[in-house]
Amino acid sequence: MRVAPTFDGLRSGPRHIHVHGHRGARGILPENTLDSFRFTFDIGIRIIEFDILATSDGTPVITHNPCLMPFSTRTEDGTWLEGNGPLIYESTYSELSKFDVGGLQPGTDYASRYPDQAFMTGLKIPRFDTLCELVNEPGYQDIWMNVEIKSDPRHPENTPPIPAFVEHILRVVFDKRVSKRIILQSFDWRILHECARQAPDIPRSYLSYAPKPYAPMAVNVYEGSPWMDGLSLAEQGNSIPALIAADGGRVWSPYHEDLNTEDLAAARKHNLVVNIWTVNESWDIDRMIDLSVDGIITDYPGRVQRRLLERGLTWLPPDNQGTDMGSAEKIAGGQT
Ligand code: MG
């Protein structure tokens, strides 16, 4: 039987790099759904990344945007939302569970980004506690969860007050006894500081997205950034890894194009685990393998498996390969 590795087991080794299924396996199944998570586990991936928000009644749910999105949401009778739906934070779970998030709306930009994603019907936004019950089932007890808490300092009205938000999530974590198998991550480092106050032993992952000429989403690491909760890069020689380590973080999770060898070396010096998002193209995956990052977060976990195998590597540490898959030699039909 496989058992969950300790936190240090999330580091890469000479023969393996970890794969995190992003929102399950967004490239091929509807994101942040139990179907997508189950599929990811069943192809042998042992870490999933997903997004958490909270409902008006304090229930942590697995979904990415602060409101229901028209490109991925149908009502009970199968019609697409015409515009943004209700805020998650202003809905009860009972209200949210009436919506179907099993497919992407034809003709939308978002749908065009994921042409291979299966179209399914009848999929609900999952509750976080339901996923925790799934990973406590036999066969899934070695799964780690990379839990992204969605929060935006520019829009505090979209989420509960931070102490309550973190408390809602941690209540589930401790009730379901998964605290030794999770990383808590956020772009909003105010959230991470609250996690440190309420559950100092759970590893915290600092998501980063550096300033760039064209930034399709909010950059969060620069001097005076509201996302950094008062931390100063200048005080750490403008080194993000040094700043995270000084702040008590154990994981750095940068955008893949932001990563360079100098920062990676600094992260190694500070003993940080380095998980990179969101790496989907083969040439980008190869670059991350060349750098020997610890974890590759991807919408296409099968594609990363194949790139690793091409290089004689696998996605599981040596002590967690079980008997079914994960060994490059076994899969490649070698002599062992
Ligand atoms: Mg995420």
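Note that the structure is a prediction, hence the values are computed from the model and not measured.

A. View of the confidence of the model for the protein. Residues of the protein with pLDDT of at least 70 account for 95%, and the chain-wide mean is 95. Counting interchain partners and residues more than four positions distant, the pLDDT-below-50 stretch residues 323-327 has 15 contacts. Between residues 332-336, whose pLDDT stays under 50, and residues either more than four places distant or in other chains, the model counts three contacts.

B. Structural context of the coordination of the magnesium ion. The protein atoms donating to the magnesium ion are Glu-49 (OE), Asp-51 (OD) and Glu-148 (OE), with metal-donor distances spanning 2.0 to 2.1 Å. Taken in chain order, the donor set of the magnesium ion reads E-x1-D-x96-E. This pair shows no difference in class: Glu-49 is buried, exactly as Asp-51 is.

C. Local environment of the environment of Arg-11. Checked against the element boundaries, Arg-11 lands in the segment before β1 (18-22). On the basis of relative accessible area, Arg-11 is assigned to the buried category, the value being 18%. Taking the C-alpha atoms as reference points, Arg-11 and Asn-275, separated by 264 residues in sequence, lie 9.2 Å from one another. A polar contact of 2.9 Å, which involves the side chain of Arg-11, links it to the side chain of Asp-8.

D. Quick look at the side chain of Ser-12. The topology assignment puts Ser-12 in the segment before β1. Here Ser-292 takes part through its backbone oxygen, which lies 3.4 Å from a polar atom of the side chain of Ser-12. In this view, Ser-12 contacts Ile-17, His-18, Arg-268, Ser-292, Val-293 and Asp-294; residues no more than four positions away in its chain are not counted.

E. Geometry of the packing of aromatic side chains. Taken as a whole and assessed by the stated rule, the structure comprises eleven aromatic pairs. For the pair Phe-41 and Tyr-140, a centre-to-centre distance of 5.0 Å together with 50° between the ring planes defines the contact as tilted. Placement of Phe-41 in helix α1 (residues 34-42) and of Tyr-140 in the loop between α4 (128-135) and β4 (144-149) is noted, with a sequence separation of 99 residues between them. Classification of Tyr-140 as buried rests on a relative accessible area of 11%.

Parameters and conventions
- The numbers attached to residues start from 1 for each chain and follow its sequence in the written order.
- Reporting of local features is limited, given that this is a predicted model, to residues whose pLDDT is at least 70; pairs of side-chain atoms are given and counted only at 80 or more, and all residues count toward the totals for whole chains, interfaces and linings.
- Hydrogens are left out, water is left out, and the side-chain values use all remaining heavy atoms of the structure.
- What pLDDT conveys is the predictor's confidence in a given residue, as a value from 0 to 100.
- Contacts are residue-level and defined by heavy atoms, with any inter-residue pair within 4.5 Å sufficient.
- Water is absent from the atoms considered, so a metal site may look incomplete; donors are defined as N, O and S atoms within 2.8 Å of the metal, or 3.2 Å for Na, K and Ca.
- Classification of residues uses two cut-offs on accessible area relative to the type maximum, computed with a 1.4 Å probe and protein chains only: under 20% is buried, over 50% is exposed, and between them is partly exposed.
- Only DSSP runs of H or I reaching four residues or more are called helices, and only runs of E reaching two or more are called strands; each is numbered from the N terminus.
- In protein, a polar contact means a hydrogen-donor-capable atom and an acceptor-capable atom, both N or O and within 3.5 Å, with residues adjacent in sequence counting only if both atoms are side-chain atoms; elsewhere, any N or O pair within 3.5 Å suffices.
- Pairs were defined over the aromatic rings of Phe, Tyr and Trp, the Trp ring being its six-membered one, requiring ring centres within 6.5 Å. Orientation was assigned from the angle between planes: stacked under 30 degrees, edge-to-face over 60, tilted for the rest.

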